[in-house]
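# Fold and geometry: a report
If you want the building blocks of each chain, they are given just below.
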Amino acid sequence: HRTGSTRWVLKRTLLLVMSCDSVPPQPIPNAPAGPSAAMVLQRQDQIMRQQDASLDQLSQSVKNLKGMGRQIHDELNLQSGLLDDLERGVEHTQSTLTSQQSRMRRLLKKSRDRWLYCAIVLLVIILGVVIYFLLQ
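Residues numbered from 1 in each chain as written. Predicted model: local features only at pLDDT ≥ 70, side-chain atom pairs only at ≥ 80, totals over all residues. Heavy atoms only, no water.

### Remarks on the overall build of the protein chain
Per the secondary structure count, the protein chain includes two helices and zero strands. Roughly 12,200 Å² of accessible area belongs to the protein chain as shown, and the carbon and sulfur atoms make up 65% of that amount. (Helix = DSSP H or I, 4+ residues; strand = E, 2+ residues; numbered from the N terminus. Areas by Shrake-Rupley, 256 points an atom, 1.4 Å probe, with all protein chains shown as cover.)

This is the structure:
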């Protein structure tokens with residue numbers, strides 16, 4: 001998974017970070033005053049194991065974040081598609097509504113004109129009847 005040099009850099013970085021918070025090693029009872037080479041190696045091995053565990057946890061967290069990022073990306077793509085579909089539907093409905101309103105205005109104008117023609121014909125008939133009765 002990780003290359004040797006990357007692992008080394010990550011361990012050293014983590015060691016620097018942990019050294020700020022870490023507790024100094026506890027002396028072993030009945031041990032000589034200075035640390036022996038074996039104790040130093042043992043402590044370094046312990047630190048490296050702690051760093052490995054911390055790096056594994058960090059790696060898992062990064063994987064989890066990557067998975068969440070992918071899910072968010074997929075959801076955003078889905079929502080974007082749905083919004084595009086909705087926008088197309090609204091535009092189509094708007095154009096249909098505009099067309100129907102135009103047809104309605106023409107129909108109302110024609111029906112008003114028809115009523116006027118009907119009123120004119122009716123008045124001419126009434127005028128004809130009145131003239132007929134007046135001439136008799």
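### A look at the packing of aromatic side chains
In this structure the tally under the stated criterion is one aromatic pair. Measuring from centroid to centroid gives 5.5 Å for Tyr132 and Phe133, while their planes differ by 70°, and the two rings are edge-to-face. (Phe/Tyr/Trp six-rings, centres within 6.5 Å; stacked < 30°, edge-to-face > 60°.)

### Thoughts on the pattern of salt bridges
Here the structure, examined in full by the defined rule, presents two salt bridges. A salt bridge links Asp45 to Arg49; the nearest nitrogen and oxygen atoms lie 2.8 Å apart. Taken together, the residues span about one helical turn, with Asp45 and Arg49 both in helix H2 (residues 37-135) at a distance of four residues. Since its relative accessible area comes to 39%, Asp45 is described here as partly exposed. The salt bridge involving Arg88 is made with Asp85; its shortest N-O contact spans 2.2 Å. One end of the pair, Arg88, and the other, Asp85, are both in helix H2, three residues apart, so they sit about a helical turn from each other. Overall, Arg88 belongs to the partly exposed group, its relative accessible area being 49%. According to the relative accessible area criterion, Asp85 is partly exposed, its value standing at 45%. (Salt bridge = Lys/Arg side-chain N within 4 Å of Asp/Glu carboxyl O. Buried < 20%, exposed > 50% of the residue type's maximum accessible area, 1.4 Å probe, protein only.)

### Side note on a positive patch on the surface
A contiguous patch of positive charge, built from Arg103, Arg106, Lys110 and Arg114, is present on the exposed surface. Here Arg114 is to be found in helix H2. (Patch = residues over 30% accessible without salt bridge, like charges linked within 9 Å, V, L, I, M, F, W, Y side chains within 5 Å. Lys, Arg positive; Asp, Glu negative; His and termini not counted. Charge placed at Lys NZ, Arg CZ, Asp CG, Glu CD.)

### Quick notes on a nonpolar patch on the surface
On the surface, a nonpolar cluster with roughly 520 Å² of combined accessible area is contributed by Val121, Ile125, Val129, Tyr132 and Phe133. Topologically, Tyr132 is positioned in helix H2.

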